[in-house]
Amino acid sequence: MSQKPAVLVIDDESGILDTLRILLKKEGFEVTTAQGGKAGLEAIKTGTHDMVLTDVRMPQVSGIDILQAAREQDPMTPVILMTAQASLQTAIQAVNAGAFYYIQKPFANDELVAILRRACEYRAVRVENKHLRQEIRRRDRAGVNRPIGKSRRFLDLLRLAEQVSPTESTVLIQGESGTGKEVVARYIHNLSARSEGPFLSINCGALPENLLESELFGHVKGSFTGAVRDKQGLFAAARGGSFFLDEVGEMAPALQVKLLRVLQEREAIPVGATEAIPVDVRIIAATNRDLEEEARRGRFRSDLFYRLNVITIHLPPLRERREDILLLVESFLQRLATEHQSEPKALSAEALDAVMVYDWPGNVRELENALEHAWVLTRGESIDPSALPERITKRRKEPLVAERSYPNPTLEVIERAYIMYVLQAEGGNKTRAAEVLGIDPSTLYRKLSRYEEQQVPAS
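The structure displayed is predicted, hence computed values, not measured ones.

Visitor: Please explain the overall build of the protein as it appears in this structure.
Guide: Looking only at helices and strands, the protein features 19 helices and 16 strands. Evaluated residue by residue, the protein yields a buried proportion of 45% over its 459 residues. Total accessible area on the protein is roughly 23300 Å²; 48% of this is exposed by carbon and sulfur atoms.

Visitor: Is there a simple way to explain unusual backbone geometry in this structure?
Guide: With glycine set apart, most residues show a phi of negative sign, and most peptide bonds adopt trans. Residue Pro 106 is reached from Lys 105 by a cis peptide bond, and omega for that bond is -10 degrees. For Pro 106, the location among the structural elements is in the loop between strand S5 (101-104) and helix H5 (109-139). For Asn 363, which is not glycine, the phi dihedral falls at a positive 60 degrees. Among the structural elements, Asn 363 can be located in helix H15 (residues 363-377). A relative accessible area of 0% places Asn 363 in the buried class.

Visitor: Teacher, can you tell me more about the sheet that holds strand S7 (residues 199-203) here?
Guide: What links the strands of a sheet is backbone hydrogen bonding, and the strands pair in either a parallel or an antiparallel sense. The strand order S7-S10-S13-S6-S14 describes an open sheet built from five strands, whose pairing is parallel. Strand pairing shows two members of the sheet lacking a second neighbour, S7 and strand S14 (311-314), which therefore form its edges. The sheet shows a mean angle of 20 degrees between the axes of neighbouring strands, direction not considered. Two elements, S7 and strand S10 (residues 242-246), share five bridges in a ladder whose sense is parallel. Each residue of the ladder has a partner; that of Asn 203, found in S10, is Asp 246. Helix-sheet contacts for helix H6 (residues 152-164) involve strand S6 (171-174), strand S13 (282-287) and S14, and the interaxial angle to S14 is about 155 degrees.

Visitor: Teacher, can you tell me more about the packing of aromatic side chains here?
Guide: Each aromatic ring pair is summarised here by two numbers: the centre-to-centre distance and the angle between the ring planes. Per the counting criterion, the structure on display carries six aromatic pairs. Ring geometry for Phe 217 and Phe 235: centres 5.5 Å apart, planes at 40 degrees, overall tilted. Of this pair, Phe 217 sits in helix H8 (residues 209-217) while Phe 235 sits in helix H9 (residues 234-237), and the two are 18 residues apart along the sequence. On the accessibility criterion, Phe 217 (2% relative accessible area) is buried. Looking at Phe 235, the relative accessible area reads 2%, which means it is buried. Put simply, the rings of Phe 217, Phe 235 and Phe 243 pair up and form one aromatic cluster. One cation-aromatic arrangement involves Lys 258 over Phe 217; the distance from NZ or CZ to the ring centre is 4.4 Å. When the ring centre of Trp 375 is taken as reference, the NZ or CZ atom of Lys 345 above it lies at 4.6 Å.

Visitor: Is there a simple way to explain H6 in this structure?
Guide: Because each turn of an α-helix spans 3.6 residues, side chains separated by three or four positions end up pointing in the same direction. Spanning 13 residues, H6 covers 19 Å between terminal C-alpha atoms, matching the ideal 18 Å at 1.5 Å per step. On its buried face, H6 sits against S6, helix H7 (181-190), S13 and S14.

Visitor: Explain the environment of Ala 417 to me, please; I cannot follow it from the model alone.
Guide: Here Ala 417 lies in helix H17 (residues 411-425). Residue class for Ala 417 comes out buried when judged on its relative accessible area of 11%. Along the sequence, Ala 417 and Met 356 sit 61 residues apart, while their C-alpha atoms lie 8.9 Å from each other.

Visitor: What is the right way to look at the nonpolar core in this model?
Guide: Nonpolar side chains in soluble globular proteins generally cluster together in the buried interior. In terms of nonpolar packing, the biggest core is built from 41 residues, with Ile 325, Val 329, Leu 333, Leu 347, Val 355, Trp 360 and Leu 367 touching the most fellow members. Of all the elements in the fold, those that place two or more residues in this core are helix H13 (325-340), helix H14 (349-357), H15, H17, helix H18 (430-437) and helix H19 (441-454). Residues in contact with Trp 360, not counting those within four places in the same chain, are Leu 318, Arg 319, Ile 325, Val 355, Glu 366, Leu 367, Ala 370 and Ile 392. In this structure, Val 248, Val 262, Ile 283 and Leu 291 belong to the second largest nonpolar core, which totals 29 residues.

Visitor: Just to check I follow, could you spell out the side chain of Lys 345 for this structure?
Guide: Position of Lys 345 relative to the elements: it lies in the loop between H13 and strand S15 (346-347). Among buried Asp, Glu, Lys and Arg side chains, Lys 345 stands out as unpaired, with Glu 381 the closest opposite charge at 9.4 Å. A distance of 3.1 Å separates the side chain of Lys 345 from the backbone oxygen of Trp 375, its partner in a polar contact. Of note is the side chain of Lys 345, whose polar atom sits 2.5 Å from the backbone oxygen of Thr 378.

Visitor: Got a minute to help me understand the pattern of salt bridges in this structure?
Guide: Any two side chains of opposite charge can pair, so long as their charged atoms come close to each other. Per the counting criterion, the structure on display carries 28 salt bridges. Salt-bridge contacts for Arg 123 lead to Asp 50; the nearest nitrogen and oxygen are separated by 3.5 Å. Taken together, the residues span a long stretch of sequence, with Arg 123 in helix H5 and Asp 50 in the loop between helix H2 (37-46) and strand S3 (51-55) at a distance of 73 residues. Accessibility expressed as a relative area gives 4% for Asp 50, which makes it buried. Put simply, Arg 335 and Glu 368 hold a salt bridge, and the shortest N to O gap is 2.5 Å. Note that Arg 335 is positioned in helix H13 and Glu 368 in helix H15, a separation of 33 residues in sequence. In this structure Arg 335 comes out as partly exposed when scored by relative accessible area, which is 29%. Residues joined by salt bridges that share partners form a network here, namely Glu 250, Arg 289, Glu 294 and Arg 299.

Visitor: Just checking my understanding: could you explain the environment of Arg 365 for this structure?
Guide: As for its placement among the helices and strands, Arg 365 is situated in helix H15. Apart from the residues lying within four places of it in its own chain, the contact partners of Arg 365 are Ser 177 and Gly 178.

Visitor: Would you mind going over the side chain of Glu 323 with me for this structure?
Guide: With respect to the secondary-structure elements, Glu 323 resides in the loop between S14 and H13. It turns out Glu 323 is buried and unbridged, and the closest side chain with the opposite charge, Arg 152, is 7.2 Å from it. If near-sequence neighbours (up to four positions away) are discounted, Glu 323 is found in contact with Lys 150, Ser 151, Tyr 418, Val 422, Ala 425, Glu 426 and Val 436.

Thresholds, definitions, all that
Residues numbered from 1 in each chain as written. Predicted model: local features only at pLDDT ≥ 70, side-chain atom pairs only at ≥ 80, totals over all residues. Heavy atoms only, no water. Helix = DSSP H or I, 4+ residues; strand = E, 2+ residues; numbered from the N terminus. Buried < 20%, exposed > 50% of the residue type's maximum accessible area, 1.4 Å probe, protein only. Areas by Shrake-Rupley, 256 points an atom, 1.4 Å probe, with all protein chains shown as cover. Pairing = 2+ DSSP bridges. Axes fitted to C-alpha atoms, helices over the stretch in contact; angles between N-to-C directions. Contact = heavy atoms within 4.5 Å. Phe/Tyr/Trp six-rings, centres within 6.5 Å; stacked < 30°, edge-to-face > 60°. Lys NZ or Arg CZ within 6 Å of the ring centre and 35° of its normal. Expected span 1.5 Å × (residues − 1). Core = buried A, V, L, I, M, F, W, Y, C linked by side-chain atoms within 4.5 Å. Lys, Arg positive; Asp, Glu negative; His and termini not counted. Salt bridge = Lys/Arg side-chain N within 4 Å of Asp/Glu carboxyl O. Polar contact = N/O pair within 3.5 Å; in protein donor to acceptor, adjacent residues only side chain to side chain.

As structure tokens, this is what we get:
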């Protein structure tokens, strides 16, 4: 809120506007006036005000219309309605629509000033409460579902996501299909100032161009065959929240132009309409393509790429963060147990080894689907390799634990295999591997020395 409380005064009579401007300026308010409802709507769209004082009865655009527009622009803005022809029905309608106060003309100056000061305090309290909730949410990460992973690369990208979440910056998430781009986008939204608003998403590659345009921007009645009524687009529906554009690299050139307008002008034009509507969303985009290379080759607008590429988050494929696989397995199996309302199931040593060495071209999504497949086919509590999809047990870099020289693998054998995977993923750096494993470097060195002494052959 500004140092002086900013009030927008709307009335169709210039004399009333002049009187209120003089009065409220003397009382320490910053005053903006608009003559008539249409001018009032424009002032709401283009300005920032702490409160709105508007007449109810005005030609074309009424005070109720002003109230609705102000609340759509900022739900925390108090709106005071004034009228010379008060009625119980109008007062009830105003209160139901969210008016802060309803005052009848003529009114005493002191009465109006007192109402505006209360409105100012009301807004200040609401703003402060919102900021406090956001700060508590940022400090208490337990209140937000944090994406699962403990590998160094994954923790680095989560820290970046947490750093940019309080801002309004556009974020571009890059990564292969199935790496969890939408999960990270939701995490950013949940930690942002827009967390109480909606989180909407759409896959730009899943719809044909004309249908995608209608879904994104909306359309007016009669704009094309089958448009029997006006339809609100997702940009408008996501007002006050975040909008996730998945696979934005699949968007057709004509739609790229319209998206660029949204990013530059913060407004969108529905299909068949002539007037733009304001857009109040934070855009988070994702792609499995190299958009910089696509732009270089002329397959994606370079100006749109630079607008999207304000903050870039790179999600590594699952094969490059194998130390996260065990955590993901435990989480997915626990969720399946909850969903099926049954006792937990666990991978056998052989099944776990198959899961750990598989390359997972479909990434986290493929892992989740494979575990659900195995869960359904397993009657007992132990999931054997035979329950996993065949591609996982056939395509592996090295023999399973059970196929090596020790037919009955122990927990120590599984631990050894896991430690070696982490060490390999960290490029042989024992200090970083110890951090990932959650053990002291000295403990890791002792374990590695023992493995060398044992020299168990892999046959």
